[in-house]
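Listed here are the chains, written in short residue letters.
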Amino acid sequence: MIGLRSTTVIVVPPAMAFEYLSDPETVLIPLSLPSRARVTSFEAGRRLVVDADHGVHASVWTFEALSPDETELTVEFRYHSPGRPAGPLLGGVAAPVVWQALRRAQVALKDRIETLYYEPADPAGADRRRA
């Protein structure tokens, strides 16, 4: 099994970042993966564990409050490499590609969450932020 870890800071309150990522309507990983993911462990406001049925073994999403308006998001991502004997070699070669995909997904989520939070009120005056 290969494990990767990536951290980014999202400039929104921790509760809002967690709410967005724990919402079943939100795509947790905006990538096309050949598997179905489901949340298997949930620690409100702090941690999500997502398991998949194929390829990706698990991911752990941890939310840490840096300040009232900043959230550190750490993603630990584990996946299986193909069978033996070439599997570990191929998995190691694939690791940089998977890491780049994980970082792109994290940046996309950061941008999406920050845009939602800082989006101005609509013309009717309703504030569209979810905090």
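The structure this text deals with has already been given above.
An account of the accompanying structure is given in this report. (Residues numbered from 1 in each chain as written. Predicted model: local features only at pLDDT ≥ 70, side-chain atom pairs only at ≥ 80, totals over all residues. Heavy atoms only, no water.)

Under the defined criterion, the tally for this structure stands at 2 aromatic pairs. On the basis of an interplanar angle of 80 degrees and a centroid distance of 5.0 Å, the ring pair of phenylalanine 18 and phenylalanine 63 is categorised as edge-to-face. Of this pair, phenylalanine 18 sits in helix H1 (residues 14-22) while phenylalanine 63 sits in strand S4 (residues 56-67), placing them 45 residues apart in sequence. Taking relative accessible area as the criterion, phenylalanine 18 reaches 6% and is therefore assigned buried. A centroid spacing of 4.8 Å and a plane angle of 90 degrees characterise the contact between tyrosine 117 and tyrosine 118, whose relative ring orientation is edge-to-face. The class for tyrosine 118 is partly exposed, based on a relative accessible area of 47%. (Phe/Tyr/Trp six-rings, centres within 6.5 Å; stacked < 30°, edge-to-face > 60°. Helix = DSSP H or I, 4+ residues; strand = E, 2+ residues; numbered from the N terminus. Buried < 20%, exposed > 50% of the residue type's maximum accessible area, 1.4 Å probe, protein only.)

Turning to the side chain of threonine 8, a few remarks are in order. Residue position: threonine 8 is located in strand S1 (residues 2-10). Among all residues touching threonine 8, those that are not within four sequence positions of it are Thr71, Glu72, Leu73, Arg103, Gln106 and Lys110. (Contact = heavy atoms within 4.5 Å.)

Within the element layout of this structure, threonine 71 appears in strand S5 (residues 70-79). Residue classification places threonine 71 among the buried residues on the basis of a relative accessible area of 0%. Within the structure, threonine 71 has its side chain in polar contact with the backbone oxygen of valine 12 (distance 2.9 Å). With sequence-adjacent residues up to four places away left out, threonine 71 is seen in contact with Thr8, Val9, Ile10, Val12, Pro13, Pro14, Ala17, Phe63 and Glu64. (Polar contact = N/O pair within 3.5 Å; in protein donor to acceptor, adjacent residues only side chain to side chain.)

Together, Val9, Val11, Leu66 and Tyr118 make up a nonpolar patch on the protein surface, roughly 320 Å² of accessible area in all. Relative to the assigned elements, leucine 66 resides in strand S4. (Patch = residues over 30% accessible without salt bridge, like charges linked within 9 Å, V, L, I, M, F, W, Y side chains within 5 Å. Areas by Shrake-Rupley, 256 points an atom, 1.4 Å probe, with all protein chains shown as cover. Salt bridge = Lys/Arg side-chain N within 4 Å of Asp/Glu carboxyl O.)

Within the secondary structure, valine 11 sits in the loop between S1 and H1. By relative accessible area, valine 11 is classed as partly exposed at 31%. Sequence spacing of valine 11 and tyrosine 118 is 107 residues, and the spatial spacing of their C-alpha atoms is 9.6 Å. Apart from the residues within four sequence positions on either side, valine 11 is in contact with Asp69, Glu70, Lys110, Glu114, Tyr117 and Tyr118.

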